[in-house]
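Observations on the three-dimensional arrangement
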Amino acid sequence: MSPSSADFLIRDDIIFFNHGSFGACPRPVFERYQAWQRELEGQPVEFLLRRRPALMANARAAIANYFNVPAGEIVFVANVTAGLNVALRSLRLHRGDEILTTNHEYGAVNRLLDFVSAKTGAAVRRHRVRLPYESDEAFTAAFLAEASARTKAIVISHITSSTSLIFPVELICRRAREAGILTIVDGAHAPGQLPLDLTAIGADIYSGNFHKWLCAPKGSGFLHARAEHHDWIDPLAVSHGWAAGSDFVERNDWGGTRDIAPFLTVPAAIDYQRDHQWDRVRAACHALAGAAQHELCAHYGLQPLSRDQFAQMVTVPLPACDGAAVQKQLYDEYRIEAPVGEFAGQGGIRISVQAYNTAKDLERLLAALKSIIT
Ligand SMILES: Cc1ncc(COP(=O)(O)O)c(C=O)c1O
């Protein structure tokens with residue numbers, strides 16, 4: 001069964017091409033989420049004290065199965081920002097150490113890296129990604145050429161926020177492991193856009209969002225850490241689970257009272273995509289994203305950032321323009337939501353294509369852009 005735009009709650013008067021910033025939740029998944037919230041409110045003590053451990057364990061088991069990792073290696077976090085804070089603020093770094101990353105990382109993650117650097121004295125080295133993206137091998141070789149004996153950790157996006165590029169994290173993690181460097185992957189955009197086998201990827205630590213491309217409710221993310229790292233990873237908030245002999249899940253899963261409905265709904269989001277043949281949805285969205293890149297680059301005579309190194313989200317260069325003004329005009333005059341601005345030093349538009357977007361939506365976006373930027 002194919003999903004339809006009626007399955008989503010996006011308003012009819014908006015053409016929404018910014019799933020990458022905040023994903024939309026399909027109606028049946030959203031209803032499951034609200035049902036969990038109602039159950040919680042019906043008997044909060046029973047729900048949060050007595051039933052929570054088993055409910056969370058069931059949700060975790062479904063997620064671990066989806067990612068092909070042991071359930072004891074996954075904890076729920078509100079979002080990737082929280083997951084990466086847990087990992088990066090737990091690193092025991094010193095002056096003289098380095099963290100290797102790229103110049104395509106997400107703004108909040110850059111701030112976190114600078115925060116960790118200021119606290120520990122470790123330096124952050126940002127590899128400048130060569131564009132257009134050439135090949136996984138060329139990128140990996142150039143990136144890892146900047147690693148040295150000082151490099152204690154690599155922090156890298158699986159899919160970049162700014163440029164929408166898929167980085168070859170499996171290859172990078174394998175080479176980094178051979179060199180004895182810890183890998184931390186920012187998978188904010190990967191679950192739902194890419195089939196994800198975390199064992200095959202082999203990152204030491206991987207944090208991702210369910211609330212973007214898996215279309216789960218806002219406030220659902222995860223942190224995965226291989227078992228050998230559990231001892232040194234501190235939770236963001238120490239709470240009841242912190243006790244002698246407690247494990248990774250117990251220490252991290254309960255940071256105090258909160259709504260756990262987003263976490264409990266994740267299996268419904270996984271089921272929704274499976275029941276709606278998401279491989280086909282992804283392929284159709286990718287084709288639309290590719291068509292957008294092709295048409296805009298041909299129209300403006302610009303080179304794409306890559307030939308095909310993206311999934312459902314593509315960043316397309318635009319001629320020099322006031323990005324904020326173009327974005328505002330797109331929204332005010334055409335009711336089209338899409339970010340326009342500078343992405344890793346290059347002006348462009350980021351087009352996110354999700355199940356609810358149609359070829360007609362894309363025609364409207366392209367026509368609007370062409371009439372705004374002539
Ligand atoms: C690459 C990347 N990392 C991290 C984040 C942070 O995600 P969240 O706000 O859900 O923590 C984002 C958000 O868009 C992102 O694009």
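What holds strands together in a sheet is hydrogen bonding between their backbones, with the strands either parallel or antiparallel. Pairing within the open sheet is mixed, and its seven strands lie in the order S2-S8-S7-S6-S5-S3-S4. Sheet topology places strand S2 (74-77) and strand S4 (123-127) at the edges, where each strand pairs with a single neighbour. The mean angle between the axes of side-by-side strands here comes to 20°, regardless of whether they run parallel or antiparallel. When strand S6 (residues 182-187) meets strand S7 (residues 205-209), the two strands line up parallel, connected through four bridges. Paired with Ile-184 across the bridge in S7 is Ile-205. Docked against the sheet, helix H2 (residues 44-67) engages S2 and strand S8 (221-225), running at close to 115° with respect to S2.

Another aspect to go through is the domain arrangement of the protein. If you check the domain split of the protein, you get domain 1 (5-25 + 277-372) and domain 2 (29-273). Its C-alpha centre places domain 1 at a distance of 26 Å from the equivalent point of domain 2. Listed as interface residues are 31 residues of domain 1 and, on the opposing side, 31 residues of domain 2. Both faces combined, the contact of domain 1 with domain 2 buries some 2500 Å², and carbon together with sulfur accounts for 56% of it. Remark: the boundary between domain 1 and domain 2 carries zero salt bridges. Here domain 1 and domain 2 share 17 residue pairs in polar contact (both at pLDDT 80 or more) between them. Put simply, the parts of the chain that give the side of domain 1 that touches domain 2 at least two residues each are helix H10 (278-300), strand S9 (313-317) and strand S12 (346-352).

Bringing the site of the ligand into the picture now. Around the ligand, the neighbouring residues are Asn-79, Val-80, Thr-81, Tyr-106, Ser-161, Asp-186, Ala-188, His-189, Asn-209, His-211 and Lys-212. Within the contact set of the ligand, an oxygen atom lies 2.9 Å away from a side-chain nitrogen or oxygen of His-211. Protein burial of the ligand: of its 390 Å² of free accessible surface, 89% is covered by the chains. When its residues are assigned to classes, the shell around the ligand shows three nonpolar, six polar and two charged.

Next up on the list: the layout of surface pockets. Its volume calculated, the largest pocket comes out at about 510 Å³. Residue lining of the largest pocket: 29 residues in total, with Gly-20, Ser-21, Tyr-106, Ser-161 and Lys-212 positioned closest to the centre. For the lining of the largest pocket, the secondary-structure elements that each account for two or more residues are helix H3 (80-90) and helix H4 (107-120). Among the residues making up the lining of the largest pocket, the classes are represented as 10 nonpolar, 14 polar and five charged. Built from parts of two domains, the lining of the largest pocket gets at least three residues from each of domain 1 (5-25 + 277-372) and domain 2 (29-273).

Quick look at the packing of aromatic side chains now. Following the criterion strictly, the structure yields 15 aromatic pairs and no others. Grouping aromatic residues by their ring pairs yields a cluster made of Tyr-66, Phe-67, Tyr-206, Phe-210 and Phe-222. The side chain of Arg-32 reaches across the aromatic face of Trp-36, ending 4.2 Å from its centre.

In this fold, Ala-54 is placed in helix H2. Separated by 318 residues in sequence, Ala-54 and Ile-372 place their C-alpha atoms 54 Å apart.

Inspection of the secondary structure puts Ser-246 in the loop between S8 and helix H8 (248-253). What Ser-246 contacts, discounting residues up to four positions off in sequence, is Gly-241 and Arg-251.

Once that is clear, we can look at H2. Helix geometry: H2 is bent most strongly at Arg-51, by close to 70°, with proline Pro-53 lying one to four residues after it. Those residues of H2 not exposed but buried are Phe-47, Leu-48, Arg-52, Leu-55, Met-56, Ala-59, Arg-60, Ile-63, Ala-64 and Phe-67. Here the buried face of H2 lies against helix H1 (27-42), S2, helix H7 (198-201), S8, H8 and helix H9 (261-275). One or two residues past the end of H2 sits Asn-68, with phi positive at roughly 60°.

Conventions used here
Residues numbered from 1 in each chain as written. Predicted model: local features only at pLDDT ≥ 70, side-chain atom pairs only at ≥ 80, totals over all residues. Heavy atoms only, no water. Pairing = 2+ DSSP bridges. Helix = DSSP H or I, 4+ residues; strand = E, 2+ residues; numbered from the N terminus. Axes fitted to C-alpha atoms, helices over the stretch in contact; angles between N-to-C directions. Contact = heavy atoms within 4.5 Å. Domains from an automatic or database assignment. Buried area = accessible area lost by both parts, 1.4 Å probe. Salt bridge = Lys/Arg side-chain N within 4 Å of Asp/Glu carboxyl O. Polar contact = N/O pair within 3.5 Å; in protein donor to acceptor, adjacent residues only side chain to side chain. Near = heavy atom within 4 Å. Areas by Shrake-Rupley, 256 points an atom, 1.4 Å probe, with all protein chains shown as cover. Nonpolar A, V, L, I, M, F, W, Y, C, P; charged D, E, K, R; others polar. 1 Å grid on protein atoms, 1.4 Å probe; cavity = no way out; pocket = protein on both sides within 12 Å on 5 of 7 lines; lining within 4 Å. Points joined across faces, edges and corners; volume = space filled by probe spheres on them. Phe/Tyr/Trp six-rings, centres within 6.5 Å; stacked < 30°, edge-to-face > 60°. Lys NZ or Arg CZ within 6 Å of the ring centre and 35° of its normal. Bend = angle between axes of the 7 residues up to and from the residue. Buried < 20%, exposed > 50% of the residue type's maximum accessible area, 1.4 Å probe, protein only.

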